[in-house]
Structures are given as structure tokens and as C-alpha cells.
Amino acid sequence: MQNEAPVGNNAQRRRNALAGLNNAAFGWNHVKICLIAGVGFFTDSYDLFAISICAQMIEIIYSQSGVADLANPGLANHQDFGLKVASPIGTLVGQLIFGWAADIVGRKKMYGFELMLILITTFGQVLAGNAYGANIYGVLITYRFLMGIGIGGDYPLSAIIVSEFAPTNTRGRMMNAVFAMQAVGQLFAALVSLAVISAFRSHIIANQNSIDQVWRVIIGLGMIPAALATYARLTIPEPPRFTMDVERNLEQAEQDADFVESGKFERIDDRPVQPVKMPKASKRDFKKYYSQWKNSKILVGTSWSWLAQDIAFYGLALNSSTILSEIGFGSPKIPGAPDYIYITLRNSAVGNIILALAGLIPGYVISFALIDVWGRKPIQFTGFAMLTVIFLCMGLGYDVMVEQNRSVAAFVFLYCLSNFFQNFGPNSTTFIVPGEVFPTRYRSTSHGISAASGKLGAIIAQIVFSRLSKNGLKVILLVFAGFMFTGIFSTMLLPETMGISLERLSGEEDREDESMAHEMN
């Protein structure tokens, strides 16, 4: 990448480097960045959603006393709640901490450590057990909270690294491809569960205590993709935008910008230069930036949209096995038969596979096709509107479709349709937009705040599910509909980001013009 501007014209050199990134032809190195980021999201999703199936097995094996109780299986409500909410709470913490740190010390310096944390805590879950001074539920909840911190770190880091390396015209698809690995991870969690349950079939029928091995194998296999991606994450360069605008090292940024073309980069001697007169990140500057409504309304829009979306998304995804069981999907005809437990677990895995294939993955595919054609804002607006209608139909029609057993198939169809419009809708766009609209110095922090708001929604969803489940699933679905309706209005606070450079979206391009004029004078 050649710089035609004089060496002394730092603002022009910065503009040339950014133009090279924004206008680069999509190539293998862009694919490599997506794969490195995507494998992490695959792992995140696998670890988060495998608990939906594994919680059933823990319910079967362990009573409140922590010993096998096959005659009276089941977790106390607060224990089931703890297993499912621990990861979202940890994820919220990780999103805030890693998001802030990546704007202070750099994206690269933090990237990879979140996967190491996931590896260690996943291994801890596999070995979790009872002791006189520790209960297995407490141990699992602790490890899943710590694992959630690692998962949370992946959200702002992966989003920002992909966004800052991506060409303008394919940025939406690159970010969508990374986040789509969430659906693939969710699908593989169900596929692996089905494979392991089937492999243990004879053992489960002969001795139901074998289930204690099954859930450990399922969770433990999630370590494999994390281990494969860790080294790759430690070896990618710092995004040039951070190097230029935060570290103030223009020469290194120009070197790192070549990565998208050559696939190579190297550290050069630190020779700090002032590339352009850009504001420095500080507590005072942060308050000044967000004290302006034109900036704060965008953070409100991204944060509330993500919160509303995740209330429904995680409310359904983390409880999919419970929902399938409640509506009688695939339930064995003869309770108490020798293979009853095996069939129940197998059908739960099959049901989750159907949900992923029928709704989750098709939604991501359509979103990928249209995100850089139709735009982010129309997709998010349409998704929230459709989800409002779908959840109203599911809630108001629940008694007829399920309780009166007239059309369980119609309920499952609406369930799959909700998954489709979540992913061809706000589940995709709430991840993408916060990675585009904020200035480089606060981009990761702001994405972390937006994502943490989403995980607050996931926590609210688990509280709603655990507290209102006694009143029936229809009440929960109507609550979800209400939150989807609010998402329509929060979407109106957001700008359209399709086809617009990060610098123009954040207002940094105006400051760049001012700096160029200053240098020319």
C-alpha cells in the first residue's frame, strides 16, 4: 500500500491508510479475520446453549442434597435458575470490563485471553463434583459465571476487530458472518448432545446414573474449538484505526493496514507521531461526548434495542428444552418405561436441532444476503414488528393450540418463525450497529455497554421465566411481545450505517478535514 502524500502530511497519510482499508477488495485475509473471530462465537454459543439440554440431565441425576435421586428427579427452581443465569451475569461483567480495557490498552492485547478463560472454566465444569464443603450446583454456577466473563469479552473484541479491518461495502456481511456462528454453535450443541446421548444409549437404559457422564462429555467438547482459535487470536495485528488514533503511531498503523492485502505484519521501532489532531480518550472527554443528545441517543438506541431483543432470544433459547417438554413435543408415550429417560433426552436434542435448522440458521442466511443491500435499520425495524405480532399470536392462542391440544404443530411453527425473525432482525443488527457508529476511542467501550444491556435482558428473561412459569408459558410470551414492541421505537434512534465509512459515521472525518486544513496552513 503506497502513500502518495508527503511524509510530513500526517492527516493525508492517515486518510490514505483508511482509504486502503475501506476500499480494499474482499479477499482471503478478510475471510481469515472472520474465521478467527467466528470460531470464538461458535464456542461462546455452544457453551451458553448446551446448558439447556445438560440442565435436564443434572435435574435427573441430582436432588437438592446433591446425590442421585432417580425416584424423584428435579432441581429446585432457584438451582435451575442459577445454572442458566450465571453465564449471562458473567457475560455482562465481561462485556463491560473487556470493552473498556480494549479502548485503553488495545484490541490485540486483550484478544485471546477471553478464550483462555473459557477453556479453563469449561474444564472446571467437567470436573465439578460434590464434597463436604462444596455443592456441585455452587461449583457449576461459579464456573459458569467465570466462563461468562470470557464469553462477554468476545463480544466487543470480535465485533470491533472485524469492523475496523472490514471494507465499507462488505462490513455488514463480515460482522453478520461472525455473529451467525452463534446459530451454528447452538446447532452443534444440539447435534453433539444427540450424538453423545445416542452413544450412551445402552448405558443410560441399564443405569441412569450414566447421564452424569453424558453432560460432562457434552460440555467438555466445547473446549476443542476454543483451543484451536486461541493461538490465531494472539497473532493478528492491532487494528490500524486504534494504532493511529489512540496509540498515535502512524507508521505502525500504515504497516498494520497492509495486513488485509499481504496477510503479514511486523512490529517496527516505536516512533510516535501525531497523525491528526484527534481528541484523546478521557473521563472528561467521554462525558463531553455523550452529553450531546446526538451521540447519547445512539447509545440509548443500541442498548435498549439489544436489551429488548435478548429478553426474548435468551428467554426462549436457554429454556428451549423446557418449552418443548411443556408443549409435549416428542414426549414418550409410556412414562416409566426402561428407556423413558433416554427417549426424553434424545427428543429434547432433536427438538433443538429442528428449532435451529427451521428458524435460526435461515434467519442468519437471509440477513447475510440483505444486510449490505437493504440496510441495518429496515431489517431491525421489520424484525421487531414481526416478533411483536408473532409473540402476541403465540401468547393469545396458547390455550387453543397447546392446552386444548388442537395444533401443537402451529405453535412449533410460530416458535421457529420467531427464531427466524430474531436472526433476520434485531439479533443480527444489535451486534453490528454498535460496532460501527461510535468513534474509535470509545467504540469498544460503547459496544460493551450495548452488549451488556443485552445480557441484562437475558437475566431479566430468566427471572421472568422462573417467576412466571407457574402462570403458564402464555404469560411469558405476552411479556416478550411487549418488549419487542418497545424495540420498534428504540430503532428509530439509530442512523443507517450501510455503505458509510466508520469515520463519517462517528464524525471523525470532519475532524480529519480540520486537521488537514491546519497542516496545509
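None of these values were measured; they are calculated from a predicted model.

Colleague: Explain the overall build of the protein chain here, please?
Modeller: Secondary structure assignment for the protein chain yields 25 helices and zero strands. Buried residues in the protein chain amount to 59% of all 521 residues. For the protein chain, the accessible surface area stands at approximately 19900 Å², while carbon and sulfur atoms represent 64% of it.

Colleague: Please explain the packing of aromatic side chains as it appears in this structure.
Modeller: In this description, an aromatic ring pair is defined by two values, namely the gap between the centres and the angle between the planes. Applying the stated criterion across every chain yields a total of 24 aromatic pairs. For the pair F42 and F188, a centre-to-centre distance of 5.4 Å together with 65° between the ring planes defines the contact as edge-to-face. In this pair, F42 sits in helix α2 (residues 28–61) while F188 sits in helix α7 (residues 171–199), placing the two residues 146 residues apart along the sequence. Look at F49 and Y314: their rings are 5.6 Å apart centre to centre, the planes differ by 20°, and that puts the pair in the stacked class. With F49 in helix α2 and Y314 in helix α15 (residues 293–317), this residue pair connects regions lying 265 residues apart in the sequence. Three or more aromatic residues link up through ring pairs in this structure, and these residues are F41, Y155, F179, W306, Y364 and F431. Cation over ring: R173 sits above F368, and NZ or CZ is 5.8 Å from the ring centre.

Colleague: What am I meant to see in the packing of helix α6 (residues 136–165) against α7 here?
Modeller: Each pair of packed helices gets described by two things: the angle between the helix axes and the distance between those axes. As a packed pair, α6 and α7 sit with axes 9 Å apart at the nearest point and diverge in direction by 150°. As far as their axial angle goes, α7 and α6 are roughly antiparallel. In the packing of α6 onto α7, the handedness of the crossing is right-handed. Contacts between α6 and α7 involve Y155, A159, V162 and S163 on the former and, on the latter, R171, M174, M175, V178, F179 and Q182. Looking at the contact of α6 with α7, its residues break down into seven nonpolar, two polar and one charged.

Colleague: What am I meant to see in helix α10 (residues 223–234) here?
Modeller: Since the α-helix packs 3.6 residues into each turn, any two residues three or four apart lie on the same face. The terminal C-alpha atoms of α10 lie 17 Å apart, and with 12 residues this matches the ideal 16 Å at 1.5 Å per residue to within 8%. Looking only at α10, the buried set comprises P225, A226, A229, T230 and R233. Buried residues of α10, viewed axially, fall in a sector of 140°; they line one side. Exposed side chains of α10 directed beyond 90 degrees from the buried face belong to L228 and Y231. If you follow the buried residues of α10, they end up packed against α2, α5 (113–126) and α6.

Colleague: What should I look at first to understand the pattern of salt bridges in this one?
Modeller: Pairing between side chains of opposite charge can happen when the charged atoms of each approach one another. Taken as a whole, this structure holds 14 salt bridges when the rule is applied. The salt bridge involving D103 is made with R107; its shortest N-O contact spans 2.7 Å. For D103, a relative accessible area of 4% puts it in the buried group. When salt bridges that share partners are traced, they join D103, R107, E164 and R443 into one network.

Colleague: Explanation requested: the nonpolar core in the structure shown.
Modeller: A general feature of soluble globular proteins is that nonpolar side chains tend to end up buried together. Judged by nonpolar contacts, the single largest core of 125 residues is most densely connected at M57, Y155, W215, F391 and F431. Leaving out residues up to four positions away in the same chain, W215 has contacts with C54, M57, I58, Y62, Q125, I136 and L140. In terms of nonpolar packing, the next biggest core, distinct from the first, is built from eight residues, Y289, Y290, L299 and F438 among them.

Colleague: What's the story with the environment of L417 in this structure? I'm lost.
Modeller: Tracing the backbone through its elements, the reader meets L417 in helix α20 (residues 408–423). The class of L417 is partly exposed, set by a relative accessible area of 25%. Sequence-wise, L417 and F391 are 26 residues apart; in three dimensions their C-alpha atoms are separated by 9.9 Å.

Colleague: Before we go on, may I ask you to explain unusual backbone geometry in this structure?
Modeller: Excluding glycine, a negative phi dihedral is what most residues carry, and trans is how most peptide bonds are arranged. Although it is not a glycine, R248 adopts a positive phi angle of roughly 60°. Mapping R248 onto the fold places it in the loop between α11 (240–245) and α12 (250–257). You can call R248 buried: its relative accessible area is 8%.

Colleague: What is the right way to read the side chain of Q125 from this model?
Modeller: In this fold, Q125 is placed in helix α5. Here Q125 falls in the buried class, since its relative accessible area comes to 0%. In this structure Q125 touches L140, Y143, R144, M147, W215, R216 and I219, once residues within four positions along its chain are discounted.

How each quantity is defined
- Residues numbered from 1 in each chain as written.
- Predicted model: local features only at pLDDT ≥ 70, side-chain atom pairs only at ≥ 80, totals over all residues.
- Heavy atoms only, no water.
- Helix = DSSP H or I, 4+ residues; strand = E, 2+ residues; numbered from the N terminus.
- Buried < 20%, exposed > 50% of the residue type's maximum accessible area, 1.4 Å probe, protein only.
- Areas by Shrake-Rupley, 256 points an atom, 1.4 Å probe, with all protein chains shown as cover.
- Phe/Tyr/Trp six-rings, centres within 6.5 Å; stacked < 30°, edge-to-face > 60°.
- Lys NZ or Arg CZ within 6 Å of the ring centre and 35° of its normal.
- Axes fitted to C-alpha atoms, helices over the stretch in contact; angles between N-to-C directions.
- Parallel < 35°, antiparallel > 145°, perpendicular 65-115°, else oblique.
- Left-handed = near helix turned anticlockwise from the far one by under 90°.
- Contact = heavy atoms within 4.5 Å.
- Nonpolar A, V, L, I, M, F, W, Y, C, P; charged D, E, K, R; others polar.
- Expected span 1.5 Å × (residues − 1).
- Arc of directions from axis to C-beta.
- Salt bridge = Lys/Arg side-chain N within 4 Å of Asp/Glu carboxyl O.
- Core = buried A, V, L, I, M, F, W, Y, C linked by side-chain atoms within 4.5 Å.

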